[in-house]
Amino acid sequence: MDSLAAAPGTGPATSPLPVLRKPRPAARFEDLPTGRTLVMGILNVTPDSFSDGGSHPTADTAIAAGLRMFYAGADIIDVGGESTRPGAEDVSPEEEQRRVVPVIEALVKAGALVSIDTTHASTAAAALKAGAAIINDVSGLTVEPEMAELAASSKAPYILTHRRGDARTMNSLAEYKDVAAEVAAELAGVRDKLYAAGVSQEQIIIDPGLGFAKNDAQNWELLQHLDQLEGLGHRILVGASRKRFLGTLLTVAGKSAAPEERDGATAAITAISAYRGAWAVRVHDVGPSLDAVKVAARMAAPRAGS
C-alpha cells in the first residue's frame, strides 16, 4: 500500500483499491484538541504483543491499521516495535527501528500525530527523526540516561510510565502496602532525575503503568486513586485497554474473557477516566473510546444558564 493511501473501507475510500491522499502538514502536539480527554490508538508492529501481536506483519499492513485508527478519529497513534507484555523477549534497537520507522514516516505524511512506544533511547531518537512527536517511555524506573538526555534536548513531550523490573521480572515485584502512594512516590523519584537532566515539568506526562508489576486488585485500587498521581502536577495517561485484569473481571464459567472481548470494559474505564480529567487514554479500539470521551466531556460541561 502506498504510504499516503487510505485503507480500503476507511474514510472516503469505498473502492477496493487504495485512494491516494495529498500529504498533510505535519501534525503538532500544540494543536491537539482541548476540552476533552484525548484518544491514543495502539499500533503494535510486533509478532508477540498480548492482544494484537502478529496482526500487522508488514509495514504496509501496519500503516493500513494506523490509517484506519487515524481516520476513525484517534488523536495520537502510538507505534511500538517491542512487546512489553509479561514474559516477552527483548528486541534489539536495530530490529525495533526496522519495524517502526517506515510506519511512523507514512503516518506522519498522512497527517497523524505519532508517539513512539519504546524503552530504547536510540529508537526514540530514530522515531523523532522520522516525524514522531511524543516519546512514550515504558521503561519505568529504569530510564536510560540517554533517554532523559534526548527528552531534554528534543523538548518532546515525554510519557513516564511506572514499571518495576522488566517484562520477565515485573510480576514478581507486585508487592505494595499502598499501591497508589508508592507508585506516586516512585514516579516522583524518576521525575526528579528527569528534571536534573533538563526535562521540563510541561513535557512530562504520567502513566500509572496498569498491569506493569501490579496484580488485578492493585490495578483497580490504582484506578480508584488516580488523584494521588494528579498531585504530582502532570497530565495523566490511562492505559487499561484489553489488559488481563479486565479479562478476569469478565470471567464467564471460569474462563477469562479474551483480549478482543474486553473492549466494552475498556470503554467504560475510558469514560470514567475522562470524567475524572485524564489527559488521554491509550486504547486498541478507537471508536468506542472516542464516543466515551465525548460523553464524559458533555457530562462534565456546565449546565446551560449556570
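Structure: see above.
Report on the accompanying structure.

Cut-offs applied
- Residues numbered from 1 in each chain as written.
- Predicted model: local features only at pLDDT ≥ 70, side-chain atom pairs only at ≥ 80, totals over all residues.
- Heavy atoms only, no water.
- 1 Å grid on protein atoms, 1.4 Å probe; cavity = no way out; pocket = protein on both sides within 12 Å on 5 of 7 lines; lining within 4 Å.
- Points joined across faces, edges and corners; volume = space filled by probe spheres on them.
- Helix = DSSP H or I, 4+ residues; strand = E, 2+ residues; numbered from the N terminus.
- Nonpolar A, V, L, I, M, F, W, Y, C, P; charged D, E, K, R; others polar.
- Core = buried A, V, L, I, M, F, W, Y, C linked by side-chain atoms within 4.5 Å.
- Buried < 20%, exposed > 50% of the residue type's maximum accessible area, 1.4 Å probe, protein only.
- Contact = heavy atoms within 4.5 Å.
- Phe/Tyr/Trp six-rings, centres within 6.5 Å; stacked < 30°, edge-to-face > 60°.
- Lys NZ or Arg CZ within 6 Å of the ring centre and 35° of its normal.
- Axes fitted to C-alpha atoms, helices over the stretch in contact; angles between N-to-C directions.
- Parallel < 35°, antiparallel > 145°, perpendicular 65-115°, else oblique.
- Left-handed = near helix turned anticlockwise from the far one by under 90°.
- Pairing = 2+ DSSP bridges.
- Right-handed = clockwise from strand over helix to strand, strands pointing away.

### Some remarks on empty space enclosed by the protein
Here is step 1 of the chain: Under the criterion given, the structure shown has one cavity of 30 Å³ or more.
Here is step 2 of the chain: One number sums up the size of the largest cavity: a volume of about 40 Å³.
Here is step 3 of the chain: Taken together, V238, A240, S241, T266, I269, T270, V281, R282 and V283 make up the full set of residues lining the largest cavity.
Here is step 4 of the chain: Of all the elements in the fold, those that place two or more residues in the lining of the largest cavity are α9 (263–275) and β10 (280–283).
Here is step 5 of the chain: Partitioned by chemical class, the residues of the lining of the largest cavity number five nonpolar, three polar and one charged.

### Comments concerning the nonpolar core
Here is step 1 of the chain: I77, V79, I104, L107 and V238 are the most contacted members of the largest nonpolar core, which has 75 residues in total.
Here is step 2 of the chain: The element that contributes the greatest number of residues to this core is helix α5 (residues 179–197), accounting for eight residues.
Here is step 3 of the chain: Each residue touching I77, except ones within four places of it in the same chain, is listed here: G41, L43, G66, M69, F70, L107, A112, L113, V114 and S115.
Here is step 4 of the chain: Among the nonpolar cores identified, the runner-up in size contains 13 residues, and L38, I205, W279 and A280 belong to it.

### Re the packing of aromatic side chains
Here is step 1 of the chain: Using the criterion set out here, one finds three aromatic pairs in the structure.
Here is step 2 of the chain: Judged by centre distance (6.0 Å) and plane angle (35°), the rings of F29 and W279 are tilted. With F29 in the loop between β2 (19–20) and β3 (38–44) and W279 in the loop between α9 and β10, this residue pair connects regions lying 250 residues apart in the sequence.
Here is step 3 of the chain: When its relative accessible area of 16% is taken as the criterion, F29 is described as buried.
Here is step 4 of the chain: The cationic tip of R235 hangs over the ring face of W279; the distance from NZ or CZ to the ring centre is 5.8 Å.
Here is step 5 of the chain: One residue, K243, lies across the ring of F212, its end atom 4.7 Å from the ring centre.

### As for the environment of V293
Here is step 1 of the chain: Tracing the backbone shows V293 in helix α10 (residues 286–300).
Here is step 2 of the chain: Residue class for V293 comes out buried when judged on its relative accessible area of 0%.
Here is step 3 of the chain: Along the primary structure V293 and V39 are separated by 254 residues, whereas in three dimensions their C-alpha atoms are 8.0 Å apart.
Here is step 4 of the chain: With sequence-adjacent residues up to four places away left out, V293 is seen in contact with R36, T37, V39, T270 and A274.

### Some thoughts on the packing of α9 against α10
Here is step 1 of the chain: Contact geometry of α9 with α10 gives a least axis separation of 8 Å together with a crossing angle of 30°. Regarding the angle of α9 to α10, the classification is roughly parallel. Pair α9 / α10 crosses with right-handed handedness. Of the residues in α10, those touching α9 at T266, A267, T270, A271, A274 and Y275 are P288, S289, A292, V293, A296, M299 and A300.

### Points about the pairing of strand β5 (residues 114–118)
Here is step 1 of the chain: With five of five residues buried, β5 is to be regarded as a mostly interior element.
Here is step 2 of the chain: Bridge count for strand β4 (residues 76–80) against β5 is four bridges, and the pairing is parallel. Each bridged residue has a counterpart across the sheet, and for V79 the counterpart in β5 is I116.
Here is step 3 of the chain: For β5 and strand β6 (residues 134–137), the ladder comprises four bridges, and the chain directions are parallel. For I116, the partnering residue across the bridge sits in β6 and is I135.
Here is step 4 of the chain: As for the winding sense of the linkage, the β-α-β connection from β5 through helix α3 (residues 121–130) to β6 is right-handed.

### Here we look at the packing of helix α1 (residues 59–71) against helix α2 (residues 93–109)
Here is step 1 of the chain: Remark: α1 packs on α2, axes separated minimally by 9 Å, with the N-to-C direction vectors making an angle of 40°. Judged on the interaxial angle alone, α2 and α1 are oblique. Considering only the axes of α1 and α2, their crossing is right-handed. Note on element contacts: α2 touches α1 through P102, V103, A106 and L107, opposite A59, A62, I63, G66 and L67.
Here is step 2 of the chain: Tallied by class, residues from the contact of α1 with α2 come to eight nonpolar, one polar and no charged.

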